[in-house]
Structure formats: structure tokens, C-alpha cells
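# Topology and contacts: notes
One-letter residues, chain by chain:
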Amino acid sequence: MKITFYLSFILFISGFNCFCQEKSTIEKWCVNDISIVCKNKVSNPHEIIFGAVFINKNGEKLKVPGFYNDNSTWVVRFCPSLEGEWTYSTYSSIPQLAGRSGVFQVTPTTNKNEHGPVCISKTNPQRFQYSDGSPYFSMAYELDWLFALDFDNKNDIPKTREIISQVKQNKFNQIVMNVYAYDALWGEREKVKPEHSFAKPNFFPYKGTNDAPDYSSLNIDFFKHLDRVIAHLNSENIVSHLMIYVWNKKVNWPKPESCDDNLYFDYVVKRYQAYPNLIWDISKEALAYGHDDMNYITRRIDRLKTLDGYNRLLSVHDYSYCSAFPGKVDFISVQEWRPNLYNEMKLAVTTFPEKPVFNIEHGGYEKTSHSIFNGAYTDADVCLDRNYQCAFAGVYSTYYWQNTSWYEVVYNPTTLEGNQKPKFEYLKHFVQLFQDYDFAKLEPTQYFFSPYCLTDNKTVYLFYLPPGMTALEGNLPSIKGEKVNLKWFDAFTGQYLDEEIKDFTTKSWIGIKKSKMITSPMTVAILEVIQ
């Protein structure tokens, strides 16, 4: 079990007196808080410049801004990416917080599930991997209101742990989430049980409330709770795809680029950048609601990159922006609902050969007990098919269950009746397939007459047969003269079935009927050349 914790080192300052800690031992990729308590009176602590410069054994510098954490305490978060000795020294616009120094001895991680932050593959720029080189097949799940589940509980996060346990068991490894959302105008609200309704939360990132905000200061308790949520995701090896803004969830945001806007934005970046499980997203549907324009988003990105000492991955939930400014984002986010999904995703992959492509909303919103937002597709089978179409085009995708993805969060789905339970297991099998056959090593293609294919261009060929397709047909010249091992993957059960040897020594046409053992309407045929 992965254990995430803070090593919190507190320096108590009165005037210029300071007590510094001795050398401390921490693990690689562990989040560590260095806290400084300064009792000197400060009129607006959020305006104080504060941070630390960390230097590793190779002489490389990491400059990390800190943040105010209430009760006369400032914090800078450190997450080491290299083993060995690190030293640090604080800087500040007030002398009492500057010049405090210390030493960390960083040891290898003892957690076999810890692989560091997600980054771009060093060998294939259209694929993700972990920092240690381990493969990362992203399977995201949108939980917009995750921040709200346990805000009223200062001692524990049981509802958060409940839904995240389901997420992890079914191999989802990324949560698309808002820092804050307030309400939505859609859905069968009368069918939502009170314990599952998180619309109109009575707390706000700023002082005051969403209806009566006080933008002059931040609600530090809100962010302390969000710490617990993101730290828990980190402990479960799940990425937080953190959308800093959202424009269509009735949040009473301050005027764009005002001092009040910058106060919130800068604080989020300073407070969460150290988490190794973090991916930045400037805003959900960033340009869709007339709140801002591309110039604003560009300036937000520039501002974030100036503040983020760790250089975490960044995207924008808006294809028009990503396609106009691909150099500003680390991966391309697409929101594509059209029925010709595979072709649209293949076009995006071809258009951006140096970036991963992520279809953050493909129009599939699985419905079970009742409707919150139907989108274009609600049947679990069809939603699964949309994910397969994305993957076989070389694109990462996401999953929505209507009864957790917005203001209703059924955090205990296992308690539902049989046909009301979401089909999480479909995605579990989907992920398992691309762990068994490393997605990072496969490229999308389509041969003459064949269905969608992923191949390593050497010995492995995965063909996706969508609903209604009864045979694997097509010309595959590279297997002529070979014997191949054929097996079928059942998308509903995750089983590999009907394995047999096929002889192509005199032909290159495949021509194989779909296995009768397959229970699901879609399947994957796997051909592996026998060496």
C-alpha cells in the first residue's frame, strides 16, 4: 500500500530568531512541507513574496514559490526528483522569512507503485509515461465535485475514500476534477438523494460565499481540505487532472485578470505544484462560454509556467485553443462527440505528431439510475465503444458516469441495485488490455478492408471489431509467409478466448469469423507472429 505523507519542518521566527532543523532524510517523490511561523504583523500575507531555492548534488537549482497557510504560517512544498543531498535557502520580500536554510538527504522510494510524475515519453512524443520510464496508459474519470465530498469532516474523508476505492479497483488512474464548482442547470434534480447532492456548497475558495464573495482574501480551510483530497489521490497512485477554472458551473468568479483573479490563480499554482500526481488544466471548456478569449488563456499559461517550479504537464480543455497554440500545451485536449469519432481522432493524431492527444469528452455519459446530463450517448456498451475508437486511433480518453460526474456524487455505487450499478468493469478490462499490450509501443493504422488496428509494425496486431462486425477481414501483407497466434479479447469480461495457430505461409488475406465464444458486441482480435 502506498503511503503519502508530509514531513513538516517548522521554523519558529520572532523577529530575526530562528531554530533550524538538522539534516533530514526523505524519499524521492515524497511531498514535504517546510513551514515557517512568523509572528510579525503583516497587513496582507498573500502579497508577501516567499519561496525557496533547492539545489541538488549536481548543482541544479529548483526555485519553488511558497504560500500563506493561515495562523502566521508560510509553507513551501518540496518534492525531490533526484536522490542524494539537497540544500535549500528561503527568499522573501520581508527579512524575517528570508535566508532560512536546511539540508535534505533524499533516498530511493520504498514504494514499488511510485513512479514519479506523468511526463511525455522519451521515445514516442504521442504517448505518456512516468518519470522513471514506466508506461502510463491514461484512463481518466471525471469527478467535478470531488473537492466537496467531505468538506464538513475535519478528521477524515470517508466519502472520498469510498468512491476513489471504486475508481482504483477498476483501474482508472486519472481524475478530471475542478478546484471548485457551484451548480448546474441540468439534470433530474428531484431524483437526487440529499446525501448525494453536492450542488451549491456553502463554502468558497475566497472568503464569504459564492453568492456573497469577499475576494480580498482566500478561504485557507478550503485549500487545506483540497490538500487532503489530492494527497489521497496521490496515495492511491491516481493523477489529479486539476481544472483551475470552470465557466459553466455557476461559480461567481472575479473579473478576469483582476488582482482578485490573480490571487486565486497564483495560490492554486503555488500550493499544488509539488504533488507528483498533478496535471494542470487552465479551465474546463475554456473558451465555450464567453468568459474570456485566447489571449487570456495564453497569459494564464505563461503565468502558471513562471510560477510552477516543477514544470508539471499542462493542457487546456478546449480544442480550438490547443489547435491554435499547440506549442503552449504539453498535450492536445479534444472534446469530440461526432459519430465518426475514429476518423476525427485519427485526424487529430496526424495533425499533431509531436503531442499526445486526449479526448476529454467524447459524448458518452453512462446513465444508470437517472439522468443528470445525457450528452449524445448514454448506453454503457456504446460509451465503451467510444473509448475503443479513441484508443485505436492512438488517443487517450475519459469516462463519465452521470451519477458521479457532476453535482450528484453517488460515492457508494456498490450499494445500488444490480441494473443501477455503473459498468466500471468494462473500463477495467479496457485498461488491462493496454497494460498487457503496451499502448505506448503500438501505432494506429488501417489495412485494406480491415477494421481499426494497433500494431508495433513487427509482430503484434490488435484489430478492433466494433458492434455489428462479424468477421476479421482484410489484407495484411506483412504476415504472408508467417504463422500467427490468434486469440480474441472479450470486452465485457476481459477474457482472452479461442486461441489458435493460423497459417499464412501462402496468403496475406486474413478472413476469420468472429469467435462464437465472445459475449460482448465488440471484440479485439489479437494476432501475434510466431518467432
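Structure report, in brief. As the structure is a prediction and not an experimental result, all values here were calculated from the model. As a convention, each chain's residues are numbered from 1 in the sequence order in which they are written. For a predicted model such as this one, the threshold for reporting local features is a pLDDT of at least 70, and the threshold for listing and counting side-chain atom pairs is 80 or more; totals across whole chains, interfaces and linings nevertheless cover every residue. Excluded from the side-chain calculations are hydrogens and water; all other atoms, namely the structure's heavy atoms, are used.

### Some details on the pairing of strand E13 (residues 174–178)
Between buried and exposed lies partly exposed: a residue is buried under 20% and exposed over 50% of the maximum accessible area for its type, with that area taken using a 1.4 Å probe on protein chains only. Numbered from the N terminus, helices here are DSSP runs of H or I no shorter than four residues, and strands are runs of E no shorter than two. Judged by how many residues are buried, E13 sits mostly within the fold: five of five residues are covered. The alternating pattern of E13 places Gln174, Val176 and Asn178 and Ile175 and Met177 on opposite faces, both of which are buried. The criterion for strand pairing is that DSSP finds at least two bridges linking the strands in question. By the bridge criterion, three bridges tie strand E12 (residues 139–142) to E13 in an arrangement that is parallel. Of the residues in E13, the one forming a bridge with Tyr141 is Ile175. What joins E12 to E13 is helix H1 (residues 158–169), and the crossover it makes is right-handed. Looking at chain direction, E13 and strand E16 (residues 239–246) are connected through five bridges and run parallel. Whether a crossover is right-handed depends on one test, that the path from the first strand over the helix to the second runs clockwise when the strands point away from the viewer.

### Some thoughts on the packing of aromatic side chains
Only Phe, Tyr and Trp rings take part, Trp by its six-membered ring, and two of them pair if their centres are within 6.5 Å. Stacked means planes under 30 degrees apart, edge-to-face means over 60, and tilted covers everything else. A full pass over the atoms with the stated rule returns 70 aromatic pairs. Their ring planes at 80° and their centres at 5.9 Å tell us that Tyr399 and Phe424 sit as a pair that is edge-to-face. Of this pair, Tyr399 sits in strand E21 (residues 396–399) while Phe424 sits in helix H8 (residues 424–436), and the two are 25 residues apart along the sequence. We classify Tyr399 as buried; its relative accessible area is 2%. Given the relative accessible area of 4%, Phe424 is considered buried. The aromatic ring of Tyr91 is capped on one face by Lys63, whose charged end is 5.0 Å from the ring centroid. Throughout this description, the term charge over a ring refers to an Arg CZ or Lys NZ atom that lies within 6 Å of the ring centre and within 35 degrees of the ring normal. For the cation-ring pair, Arg189 lies above Tyr407, with the distance from its terminal atom to the ring centre recorded as 4.5 Å.

### Regarding the sheet that holds strand E18 (residues 314–315)
Ordered in space as E18-E17-E16-E13-E12-E21-E20-E19, the eight strands form an open sheet in which the pairing is parallel. Unpaired on one side and paired on the other, E18 and strand E19 (332–335) mark the two borders of the sheet. Alignment of E12 against E21, held across three bridges, turns out to be parallel. In the sheet register, Met139 faces E21, and the bridge partner there is Ser397. Residue contacts are defined here by distance: any two heavy atoms, one from each residue, within 4.5 Å place the two residues in contact. The convention used is that axes are lines fitted to C-alpha atoms, helices contributing only their stretch in contact, and that angles between N-to-C directions extend from 0 to 180 degrees. Contacts between helix H3 (residues 259–272) and the sheet are confined to E16 and strand E17 (278–284), with E16 contributing the most and set at about 175° to the helix.

### With respect to the pattern of salt bridges
Every case where a carboxyl oxygen of Asp or Glu lies within 4 Å of a side-chain nitrogen of Lys or Arg is listed as a salt bridge. Counting across every chain of the model gives 18 salt bridges. Glu142 is the salt-bridge partner of Lys284, the closest N and O atoms lying 2.7 Å from each other. With Lys284 in strand E17 and Glu142 in strand E12, this pair connects stretches of sequence that are 142 residues apart. Between Arg300 and Asp261 there is a salt bridge, with its nearest N and O atoms 3.5 Å apart.

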